[in-house]
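Breakdown of the fold
Listed below are the residues making up each chain.
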Amino acid sequence: KNEVGYYEQSQSIVKLLLTVVTSLGTVMLPRIASQFANGKKEQIKNNIMNSFNFVFFLSIPMCFGIIAVAKDFVPWYLGAGFEKSIKIIYVISPIIVLISLSNVIGIQYLLPTKRQKQYTVSVVMGAVCNLILNFIFIFKFKSVGAAIATTMAEVVVTSMQCYSIRKEFELKEIFKKSFKYIISSIIMFIIIFLTNKILLNSFDLKIRMILNIFLGIIVYLFILVVIKDDFVLKCAKRIINKTKNDNGEK
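The text that follows walks through the structure, step by step, so that each part is easy to find. Since the model is a prediction, treat every value here as computed from it, not as a measurement.

Here's the deal with helix 9 (residues 205–226)
- With 22 residues, helix 9 should cover 32 Å at 1.5 Å per step; its first-to-last C-alpha distance of 31 Å lies within 8% of that length.
- Measuring from the side-chain oxygen of the N-cap residue of helix 9 to the backbone nitrogen of Lys206 gives 3.2 Å; that N-cap residue is Asp204.
- One or two positions beyond helix 9, positive phi appears at Lys228, with a value near 60°.

Quick look at the structure:
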């Protein structure tokens, strides 16, 4: 029962972050379906590529960020006795990126374009993989073993879905988009880690965690602005223009 509790609580924290990213799928599915019905293949491709950019922008720093603050977040959010959940979060956090990608490919592209078979096969294979790996890892590693199985199952699902769209999309081009977000997230992670060790070690747990979250967001966005990331600059430009328009109306 304890091990189930550690796993369930860790997964709920990670899945909470996922809802922010995967909510895009609910919006995009009917739009892609409409474009597919009207034969607008180029628009579909552009929308999907933008979705990839969006999920990379959010999911990668979330993955590194939850790892960076897990030691403070778990005792604050779950209380004493859930220390093992920290290790589980370390193992299971990559599913934030993996499920975000499979949401774009599966929910936003395969289902609206009537390729349910490929989507279903990928999900079933992931479930089979999860079941087999649970039998292998749970007996030895318990809740951590379940986390390993979950992560590997999502790797299978995402890999199969990536393979299914290899002819329509250049996979190299897709994953090239993630490089700048990975680098920025790693730098963010290192700065949070060093700040904790040098400056914030004596701070109250809750205050330290809040400071880490704000520091991480500021560092991550600052790096993307410095390297002139198109996605961030476009978003910033829209916000500035909207603010100017709102002020003009007033």
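There is more to say, and it comes next.
Quick look at the side chain of Arg208
- Within the secondary structure, Arg208 is located in helix 9.
- Overall, Arg208 belongs to the buried group, its relative accessible area being 13%.
- A polar side-chain atom of Arg208 sits 3.0 Å from the main-chain carbonyl oxygen of Phe203.
- Setting aside chain neighbours within four positions, we find Arg208 in contact with Asp72, Asn196, Leu200, Asn201 and Phe203.

A look at a nonpolar patch on the surface
- On the surface, a cluster of nonpolar side chains totalling about 980 Å² of accessible area is made up of Phe179, Ile182, Ile183, Ile186, Ile187, Ile190, Ile191, Phe193, Leu194, Ile198 and Leu199.
- Within the secondary structure, Phe179 sits in helix 8 (residues 179–198).

Quick notes on the packing of aromatic side chains
- Enumeration according to the criterion identifies 13 aromatic pairs in this entry.
- A centroid spacing of 5.7 Å and a plane angle of 55° characterise the contact between Phe73 and Trp76, whose relative ring orientation is tilted. Linking Phe73 with Trp76, this pair stays in helix 2 (residues 41–78), spanning 3 residues, or about one helical turn.
- Assessed through its relative accessible area of 17%, Phe73 is described here as buried.
- Through a chain of ring-to-ring contacts, the aromatic side chains of Phe54, Phe57, Tyr181, Tyr220 and Phe231 assemble into a single cluster.
- Sitting over the face of the ring of Tyr163, Arg166 holds its NZ or CZ atom 3.8 Å from the ring centroid.

Focus on the environment of Met125
- Following the sequence through the fold, Met125 ends up in helix 5 (residues 116–141).
- Sequence separation of Met125 and Phe222 is 97 residues, and the distance between their C-alpha atoms is 40 Å.

Observations regarding the packing of helix 5 against helix 6 (residues 143–164)
- Taken N-terminus to C-terminus, the directions of helix 5 and helix 6 make an angle of 155°; their axes are 7 Å apart at the nearest point. With respect to their mutual orientation, helix 5 and helix 6 come out roughly antiparallel. The way helix 5 lies across helix 6 gives a crossing that is right-handed.
- Counted by class, the contact of helix 5 with helix 6 contains 18 nonpolar, 10 polar and no charged residues.

Regarding the nonpolar core
- Membership of the largest hydrophobic core comes to 57 residues, with the highest contact counts inside it found for Ile48, Phe52, Phe57, Ile165 and Tyr181.
- Of all the elements, helix 2 adds the most residues to this core, at 18 residues.
- Excluding anything up to four places from it in sequence, Phe52 contacts Leu101, Val104, Ile105, Ile165 and Ile174.

Concerning unusual backbone geometry
- A positive phi angle is found at Lys142, which is not glycine, with a value near 55°.
- Secondary-structure assignment places Lys142 in the loop between helix 5 and helix 6.
- With relative accessibility at 47%, the residue Lys142 sits in the partly exposed group.
- Non-glycine residue Lys228 carries a positive phi angle of around 60°.

Examining the packing of helix 8 against helix 9
- Put simply, helix 8 and helix 9 touch, their axes get as near as 9 Å, and they point 145° apart. Taken as a pair, helix 8 and helix 9 cross one another with a handedness that is right-handed. Facing Lys180, Tyr181, Ser184, Ser185, Ile187, Met188, Ile191, Ile192, Thr195 and Asn196 of helix 8, the residues of helix 9 in contact are Arg208, Asn212, Leu215, Gly216, Val219, Tyr220, Ile223 and Leu224.

Remarks on the pattern of salt bridges
- Applying the stated rule across the entire model yields 4 salt bridges.
- Note that Glu3 is salt-bridged to Lys84, the shortest N-O span being 2.9 Å. A residue pair is termed long-range when its members are at least 10 positions apart, and Glu3 in helix 1 (residues 2–37) and Lys84 in helix 3 (residues 84–92) qualify at 81 residues.
- Residue class for Glu3 comes out partly exposed when judged on its relative accessible area of 24%.
- Overall, Lys84 belongs to the partly exposed group, its relative accessible area being 26%.
- Between Arg115 and Glu168 there is a salt bridge whose closest N-O contact spans 2.2 Å.

Criteria and cut-off values
- Residues numbered from 1 in each chain as written.
- Predicted model: local features only at pLDDT ≥ 70, side-chain atom pairs only at ≥ 80, totals over all residues.
- Heavy atoms only, no water.
- Helix = DSSP H or I, 4+ residues; strand = E, 2+ residues; numbered from the N terminus.
- Expected span 1.5 Å × (residues − 1).
- Polar contact = N/O pair within 3.5 Å; in protein donor to acceptor, adjacent residues only side chain to side chain.
- Buried < 20%, exposed > 50% of the residue type's maximum accessible area, 1.4 Å probe, protein only.
- Contact = heavy atoms within 4.5 Å.
- Patch = residues over 30% accessible without salt bridge, like charges linked within 9 Å, V, L, I, M, F, W, Y side chains within 5 Å.
- Areas by Shrake-Rupley, 256 points an atom, 1.4 Å probe, with all protein chains shown as cover.
- Salt bridge = Lys/Arg side-chain N within 4 Å of Asp/Glu carboxyl O.
- Phe/Tyr/Trp six-rings, centres within 6.5 Å; stacked < 30°, edge-to-face > 60°.
- Lys NZ or Arg CZ within 6 Å of the ring centre and 35° of its normal.
- Axes fitted to C-alpha atoms, helices over the stretch in contact; angles between N-to-C directions.
- Parallel < 35°, antiparallel > 145°, perpendicular 65-115°, else oblique.
- Left-handed = near helix turned anticlockwise from the far one by under 90°.
- Nonpolar A, V, L, I, M, F, W, Y, C, P; charged D, E, K, R; others polar.
- Core = buried A, V, L, I, M, F, W, Y, C linked by side-chain atoms within 4.5 Å.

Such coordinate-based values are descriptive only and should not be taken to indicate function.
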